[in-house]
Structure formats: structure tokens, C-alpha cells
Amino acid sequence: DVKVTQSSRYLVKRTGEKVFLECVQDMDHENMFWYRQDPGLGLRLIYFSYDVKMKEKGDIPEGYSVSREKKERFSLILESASTNQTSMYLCASSLEAIHQPQHFGDGTRLSIL
Amino acid sequence: GNSVTQMEGPVTLSEEAFLTINCTYTATGYPSLFWYVQYPGEGLQLLLKATKADDKGSNKGFEATYRKETTSFHLEKGSVQVSDSAVYFCALSDQWSGGYQKVTFGTGTKLQVIP
């Protein structure tokens, strides 16, 4: 089974801090994704990566950046955290084909105070 | 752009009741369609999928048929259990202009099954 591991289940940070969320997958998937999940809004794509060092903006990239230095690891960075970035963050990975499903981690619940 | 519309929840059913969660989509290409389930405190996991028109996906007693003529992918189960209580997401996967996979999710439907 594919395993997608997010480094923290819960995280509390302060406004203005630089925040790193880490995600690792163990199945050699080309694609990796970062979403945020908010009540009533479903999942919204922040960034995705289709190869090492490659990235594309999703629907809501403002205030975020990403890094993919190795195929198995995809990091989400909040450059200067703000309270409106309090959310559940989900990482996913998949093979490169539209009929392939995404595999999700358990999520990181991030609170910005 | 692509979009997915799900019925709003929460849906509350008694155990052994019949379940339908409606999902319709708009897409310009030939997408693949998915249902994901999210149990409390967990990430999403694939429930079933269908990759072309008239395909039926099924798993754990759940079924959904890819209906291109009505652009729908409704989720059904004949007899729900308390353990089916979760949030269900309909999703479509298509190609972006850059040729990469892009997935669009519905807003999710919360199902609560009472004994």
C-alpha cells in the first residue's frame, strides 16, 4: 500500500512565523500535491509538482511556496503565517495519468495565533 | 473550467437504509471520476473510480456509474452501516493545459448513520 506521511498532525504557530509542512511518499509517484481543506469549501489546490524541482501553482498559491528537492518529499512553506491560513492541510501523491487516484496523508491541522 | 457539484449534507440515515449521494460535473475533456471517503481525523482514501462513460465503479457495497449524458456520478449503497459514517467527496481528474493531471473536488457530503 502507498504510504503518504505528513510530519505533524497538529501544529500551532504565531503570526509572521515561517512555517514548514513536510510530506513524504514511499511509492515513487511522479505527482505530489498540497491542498487545504476548509468547511464548506472542500479541497482547494495550493501547489503541485510533477517532477523533482518542478512545481505549478494551483488555485490558491498566494502566501505559500513549495520545495521538491527529492522525488519522495514535497514541502509546503508559509512564508509569513497569517491567521487566515489556519486550516487543515492535506498532502497527496499519484502516478502521472488522469485515471490514477490520489493517495492522501492524514493531514496537518495548523493553527496560526 | 471544470467543476463538481455535490448534494449538501449532512445526510442522516438509519442503519440498513438506502443511500444516494448525488454528484454532477462539468468538464471540457474526458475526465476520470472518483469517490473518496474521509473518516474522522484521517485523510481521504479512494472508495471507487470510473474512467470512461458507462463504467461502473464498486467497492465495499458502494456503486457509482459514469453517466456522460447526464454528467453525473451518483454514489449508492443498498444498506448502510454505522461504520459508513464519514464525509464523501466526488472528484474528477482531467488534463491541464500543460498536460498534467488536475483533480477537482466537490465540497463533500457528510453522512451520519444512526443505529
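Placed above this text is the structure.
The shown structure was predicted, so the numbers you read here are calculated from the model rather than taken from an experiment.

Asks: Is there a simple way to explain the sheet that holds strand β7 (residues 56–59) of chain B in this structure?
Replies: Picture the strands of a sheet paired through backbone hydrogen bonds; they go either parallel or antiparallel. Residue and element names in this part refer to chain B. What the four strands build is an open sheet, ordered β3-β9-β8-β7; its pairing is antiparallel. In the strand order of this sheet, the two ends are held by β3 (19–21) and β7, each with one partner. Taken pair by pair, the neighbouring strands of this sheet meet at an average axis angle of 15 degrees, ignoring direction. Strand direction decides the pairing type here: β3 and strand β9 (residues 75–77), joined by three bridges, are antiparallel. Residue Thr20 lies in a different strand from β9, and its bridge partner there is Glu76.

Asks: Help me understand the state of the cysteines, please; the structure alone is not making it clear to me.
Replies: Cysteine pairs can be linked by a disulfide, which is a covalent bond between their two sulfur atoms. All names here are of chain A. Summed over all chains, the structure comprises two disulfides over all chains. The disulfide partner of Cys23 is Cys91, and the gap between their sulfur atoms is 1.9 Å. In this structure the cystine formed by Cys23 and Cys91 twists about its S-S bond by roughly -75 degrees; its chirality is therefore left-handed. Of this pair, Cys23 sits in strand β3 (residues 19–25) while Cys91 is found in strand β9 (residues 87–94), placing the two residues 68 residues apart along the sequence.

Asks: I would appreciate a short explanation of the interface of chain A and chain B in the present structure.
Replies: One frequently used descriptor of interface size is the decrease in accessible area upon assembly of the parts. Contacts between chain A and chain B engage 29 residues on the former and 26 residues on the latter. Taken together, the two surfaces of chain A and chain B that pack against each other cover about 2000 Å², and 57% of this comes from carbon and sulfur. Close ionic contact of A:Asp59 with B:Lys102 constitutes a salt bridge, the shortest N to O distance being 3.5 Å. Our count for the chain A to chain B interface comes out at seven residue pairs in polar contact (both at pLDDT 80 or more). Looking at the side of chain A that touches chain B, the elements with two or more residues in it are β4 (31–38), β5 (42–51), β6 (54–57) and β9 of chain A. At five residues, the largest contribution of residues to the side of chain A that touches chain B is made by β5(A). The class makeup of the residues in the side of chain A that touches chain B is 13 nonpolar, ten polar and six charged.

Asks: Can you walk me through unusual backbone geometry in this structure?
Replies: Residues and elements named next belong to chain B. A cis amide bond links Gly9 with the next residue in sequence, Pro10, at an omega value of 0 degrees. If you trace the backbone, Pro10 turns up in the loop between β1 (3–6) and β2 (11–14). The backbone of Glu16 shows a phi angle near 75 degrees, a positive value even though the residue is not glycine. Position of Glu16 relative to the elements: it lies in the loop between β2 and β3. Exposure remark for Glu16: the relative accessible area of 60% places this residue in the exposed category. Phi at Asp54 takes a positive value of approximately 75 degrees, unusual for a residue other than glycine.

What counts and how
The numbers attached to residues start from 1 for each chain and follow its sequence in the written order. Going through the entries in the order they are written, you letter the chains from A and number the ligands from 1. Given that this is a predicted model, residues contribute local features only at a pLDDT of at least 70 and side-chain atom pairs are listed and counted only at 80 or more, while totals for whole chains, interfaces and linings are drawn from all residues. Only hydrogens and water are set aside; all other atoms, that is, all heavy atoms of the structure, feed into the side-chain values. By this definition, two strands are paired if DSSP reports at least two bridges between them. Helical segments are the DSSP runs of H or I of at least four residues, strand segments are the runs of E of at least two, and each set is numbered from the N terminus. Helix axes use the C-alpha atoms of the stretch in contact, all axes being lines fitted to C-alpha atoms, and the angles between their N-to-C directions lie in the range 0 to 180 degrees. Note on terminology: pairs of cysteine sulfur atoms within 2.5 Å are recorded as disulfides. We call two residues in contact when some of their heavy atoms are within 4.5 Å. Buried area: the accessible surface (1.4 Å probe) lost by two parts on joining, summed over both. Take a side-chain nitrogen of Lys or Arg and a carboxyl oxygen of Asp or Glu: if they are within 4 Å of each other, that pair is a salt bridge. We call two N or O atoms a polar contact when they sit within 3.5 Å, provided that within protein one can donate a hydrogen and the other can accept it, with sequence-adjacent residues counted only if both atoms are side-chain atoms. Gly counts as polar in this scheme, as do all residues outside two lists: the nonpolar Ala, Val, Leu, Ile, Met, Phe, Trp, Tyr, Cys and Pro, and the charged Asp, Glu, Lys and Arg. For every residue, the accessible area (1.4 Å probe, protein chains only) is compared with the maximum for its type, and the residue is labelled buried under 20%, exposed over 50%, or partly exposed between those bounds.

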